[in-house]
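Summary of the model geometry
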Amino acid sequence: MVLPRISRRVSKLSQVIAQLNNFPVFSPVASENHFSTTNPSSISLKFRVFFSTNVVQNPKLSSSASIQSHKTNFGNHRSRSRITQAEKLLFNYLHFTRNLRFTDAEHISKNSPLFLKKLLSKIDDDEDVTRSLGKFLRYHPINEFEPFFESLGLRPSEISSLLPHHLLFLSDDHLLLENFSVLCTYGVPRSKIGKIYIEAREIFSHEFGSLHLKLDAYEKLGLSRGTVVKLAISCPSLLISDIDKDFVNVLEKLNRLGMEHDQIEEYLSSKISYNWKNVLATIDFLGKVGYSDEQLYNLFKKIPQLVLEDSGKRVYVLLSRFLKLGLDRNVVYSLIINNPDLLSAKGAKNILRALEIFEYIGMETEEIADILSSHMEVLCLCSLKGGKTVCSELKIKKDSLREIIKQNPSKFFSIASKKQLKRSEHILSQDFHRIRMERTAFLLRLGYVENSEEIMRALKQFRGRADQLQERFDCLVEAGLDSNAVSSLIKQVPMGLNQTKDVIQKKIDCLKSCFPLTSLIAFPAYLCYDIKRINHRFAMYVWLRDRGAIKRDMSLGTILASSDARFVKFFVDLHPDGPVMWKKLRSASS
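These remarks concern the structure in this document. These figures come from a predicted structure and were not determined experimentally. Residue positions are counted from 1 within each chain, in the order its sequence is given. pLDDT decides what is reported in this predicted model: residues at 70 or higher carry local features, side-chain atom pairs at 80 or more are listed and counted, and totals for whole chains, interfaces and linings draw on all residues regardless. Excluding hydrogens and water, the side-chain values take into account all heavy atoms of the structure.

With that out of the way, let us pick up unusual backbone geometry. Look at Asn-99: it is not a glycine, yet its phi comes out positive at around 65°. Structurally, the position occupied by Asn-99 is in the loop between α4 (64–97) and α5 (102–110). Labels follow the DSSP assignment, with helices taken as runs of H or I lasting at least four residues and strands as runs of E lasting at least two, numbered in each case from the N terminus.

Our focus in this paragraph is the packing of aromatic side chains. Each Phe, Tyr or Trp ring, with Trp reduced to its six-membered ring, pairs with another whose centre is within 6.5 Å; inter-plane angles below 30 degrees give stacked pairs, above 60 give edge-to-face pairs, and intermediate values give tilted ones. Enumeration according to the criterion identifies 20 aromatic pairs in this entry. Where Phe-567 meets Trp-582, the ring centres are 5.1 Å apart and the plane angle is 45°; that geometry is what we call tilted. With Phe-567 in helix α33 (residues 564–570) and Trp-582 in helix α34 (residues 578–588), the pair connects residues that are 15 residues apart, well separated along the chain. Each member of the pair, Phe-567 as well as Trp-582, carries the same accessibility label: buried. Joined through ring pairs, the aromatic side chains of Phe-145, Phe-148, Phe-149, Phe-180, Tyr-197 and Phe-204 make up one cluster. Geometrically, a lysine NZ or arginine CZ counts as sitting over a ring once it is within 6 Å of the ring centre and also within 35 degrees of the ring normal. In this arrangement the basic side chain of Arg-225 is found over the ring face of Tyr-186, its NZ or CZ atom lying 4.2 Å from the centre. Three exposure classes are used, based on accessible area relative to the maximum for each residue type with a 1.4 Å probe and protein chains only: buried under 20%, partly exposed in between, and exposed over 50%.

This brings us to the pattern of salt bridges. One speaks of a salt bridge when a side-chain nitrogen belonging to Lys or Arg is within 4 Å of a carboxyl oxygen belonging to Asp or Glu. Inspection of every chain in the model, using the stated rule, returns 13 salt bridges. Across the salt bridge formed by Arg-155 and Glu-158, the nearest N and O atoms sit 3.2 Å from each other. Look at Arg-155 and you get exposed, because its relative accessible area is 52%. The residue Lys-253 makes a salt bridge to Asp-284 at a minimum N-O spacing of 3.0 Å. One end of the pair, Lys-253, is in helix α14 (residues 245–256); the other, Asp-284, is in helix α15 (residues 276–289), and 31 residues separate them in sequence. Exposure remark for Asp-284: the relative accessible area of 28% places this residue in the partly exposed category.

To continue, consider the environment of Asp-502. Locating Asp-502 in the fold gives a position in helix α29 (residues 501–512). Distance in space between the C-alpha atoms of Asp-502 and Arg-472 is 8.9 Å, their sequence separation being 30 residues.

Further remarks concern the side chain of Ser-487. Tracing the backbone shows Ser-487 in helix α28 (residues 483–492). Taking relative accessible area as the criterion, Ser-487 reaches 9% and is therefore assigned buried.

Once that is clear, we can look at the environment of Val-331. Structurally, Val-331 is set in helix α18 (residues 329–338). Separated by 41 residues in the primary sequence, Val-331 and Leu-372 place their C-alpha atoms 10.0 Å from one another.

Attention shifts here to the packing of helix α17 (residues 313–324) against α18. Their axes nearest at 10 Å, the elements α17 and α18 cross at an angle of 135°. Here α18 runs oblique to α17, going by the angle between their axes. In this structure, α17 meets α18 at a crossing whose hand is right-handed. Residues Leu-319, Phe-322 and Leu-323 of α17 form the contact with α18, whose participating residues are Arg-329, Val-332 and Ile-336. By residue class, the composition of the contact of α17 with α18 is five nonpolar, no polar and one charged. Lines fitted to the C-alpha atoms define the axes, with helices restricted to the stretch that makes contact. Angles between their N-to-C directions range from 0 to 180 degrees. Any angle from 65 to 115 degrees is called roughly perpendicular, while one under 35 is roughly parallel, one over 145 is roughly antiparallel, and all others are oblique. For any helix crossing, the convention is left-handed if the near helix is rotated counterclockwise from the far helix by under a right angle, and right-handed if that rotation is clockwise. We call two residues in contact when some of their heavy atoms are within 4.5 Å. Amino acid classes used here: Ala, Val, Leu, Ile, Met, Phe, Trp, Tyr, Cys and Pro are nonpolar; Asp, Glu, Lys and Arg are charged; the rest, including Gly, are polar.

So, about the nonpolar core. In these notes, a set of buried Ala, Val, Leu, Ile, Met, Phe, Trp, Tyr and Cys residues joined through side-chain atoms within 4.5 Å is what counts as a nonpolar core. In this structure, Phe-149, Trp-276 and Phe-358 are the most contacted members of the largest nonpolar core, which totals 118 residues. The leading source of residues in this core is helix α20 (residues 365–381), at eight residues. Filtering out sequence-adjacent residues up to four positions away, Trp-276 remains in contact with Leu-231, Cys-235, Leu-238, Asp-244, Asp-246, Phe-247, Val-250, Ile-264, Leu-268 and Leu-308.

Any link to function would need more than the numbers given here.
In structure tokens, the structure reads:
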């Protein structure tokens with residue numbers, strides 16, 4: 001009686017399982033025949049286990065994807081677990097067995113995943129990690145430099161060439177550990193020390209205490225610890241020997257321009273290595289070109305990559321090309337200030353390619369200068385084909401391409417561009433001919449004769465849009481000068497209007513503080529002098545006049561036009577305290 005009941009229940013249960021899992025249904029006869037030779041209690045237990053494990057806990061048993069996912073998750077979990085155990089074993093080995101500092105052992109063990117996988121490959125997958133790997137580490141010393149260098153951010157290809165041939169243990173290289181510890185304690189991120197090691201391995205051979213003294217020496221220059229850390233990462237060569245004289249000279253020059261030593265930190269990048277000798281040469285080059293301290297300060301403040309990125313080589317190449325074309329340095333200054341993109345790697349490359357095309361087709365220097373002045377932004381963005389390629393594709397000669405550029409630069413950019421520009425729709429819409437006509441209309445209002453040689457020369461000298469030139473003209477009129485007088489003044493010194501309105505206003509205000517405004521008519525070149533030179537000369541002149549050292553009023557030209565040596569001789573030295581005051585005035589604004 002018991003067997004039939006059990007058989008019926010098992011039959012029902014088998015039907016449920018079959019419906020859930022698409023298994024074939026057991027027939028009652030088959031069940032009875034089966035149970036006639038099998039222990040009922042064991043079969044019941046097997047079904048209960050099967051049901052509870054595979055149906056209740058995992059109702060989607062029929063899905064192969066689910067099974068695969070389960071296996072994958074289990075494998076990932078198992079892999080992570082093995083890595084974690086290997087981390088602990090490596091930490092214990094480095095700290096307790098090899099006596100490395102706790103923080104060093106912890107960082108190495110947590111930041112050397114490739115080495116950990118290499119360790120795990122030494123034991124079978126089914127072996128207990130703690131027992132088997134622990135045993136391996138007891139009887140097989142590892143090359144500790146491998147996980148050490150990996151934890152510093154180095155790649156395997158770099159590590160292989162750095163491993164010492166005669167050492168296995170980090171503790172055997174006392175100077176390496178000592179200098180590594182100094183850098184860590186000072187604040188250099190461990191992940192950046194690998195870069196330092198690659199670029200300046202000599203640092204890690206310094207005698208005890210030597211590296212710390214070098215770091216302190218840079219702080220004594222007036223640099224913060226954060227700045228020194230950035231310098232150590234970007235220019236580790238600074239820490240190889242004594243303080244780098246070129247770097248010190250760069251700091252002094254920037255300080256003379258009005259920048260604090262610590263301001264350089266915000267312009268440094270740990271991804272760039274700087275050649276301070278080249279940076280210094282670039283600053284000197286800009287000074288020799290004729291840029292004033294104020295202009296250099298503005299350039300560096302707005303575009304620090306001017307001398308830092310590519311260690312100044314890029315600006316040296318571009319500026320040399322611009323000056324060779326005959327562009328005035330003040331025009332170049334405006335181009336750089338208004339188009340900082342030209343100093344990017346891509347911008348510089350595009351401009352140089354454009355210049356090659358212009359020279360290839362024989363454009364005049366003045367024509368090239370006009371294109372640069374009016375279309376610099378699109379030149380920075382536009383990657384052009386070669387001049388020979390453009391002529392070949394259009395089946396035109398050089399002079400025809402030259403005419404296209406002169407008449408409609410926008411069309412040239414469109415046909416010569418390697419690809420469609422994303423940001424240039426509004427730029428390419430600018431019509432070079434329209435800009436030139438508007439500038440001509442402005443000059444006609446000043447009194448120039450249309451189509452005369454005089455107006456042609458003026459068009460080559462004036463820079464900027466007509467509305468900008470008019471704004472600067474109006475600034476002089478609003479200051480109190482007659483419009484006819486301003487027109488005459490501008491004809492004598494066209495460069496006076498190539499400055500911004502703000503600069504012109506500063507010079508007018510400075511002039512009014514010491515001289516009548518009408519003195520500008522007698523000496524219109526005043527507008528072309530640097531504002532710092534004006535301030536120094538005027539302040540010294542007023543100081544001497546107030547003390548009776550100068551008996552009569554001096555002309556504006558006499559004060560400004562003389563060289564520094566003549567000014568000192570004929571003005572500063574007129575009073576016994578003059579040299580001291582002159583030095584004080586110059587250092588106050590440096």
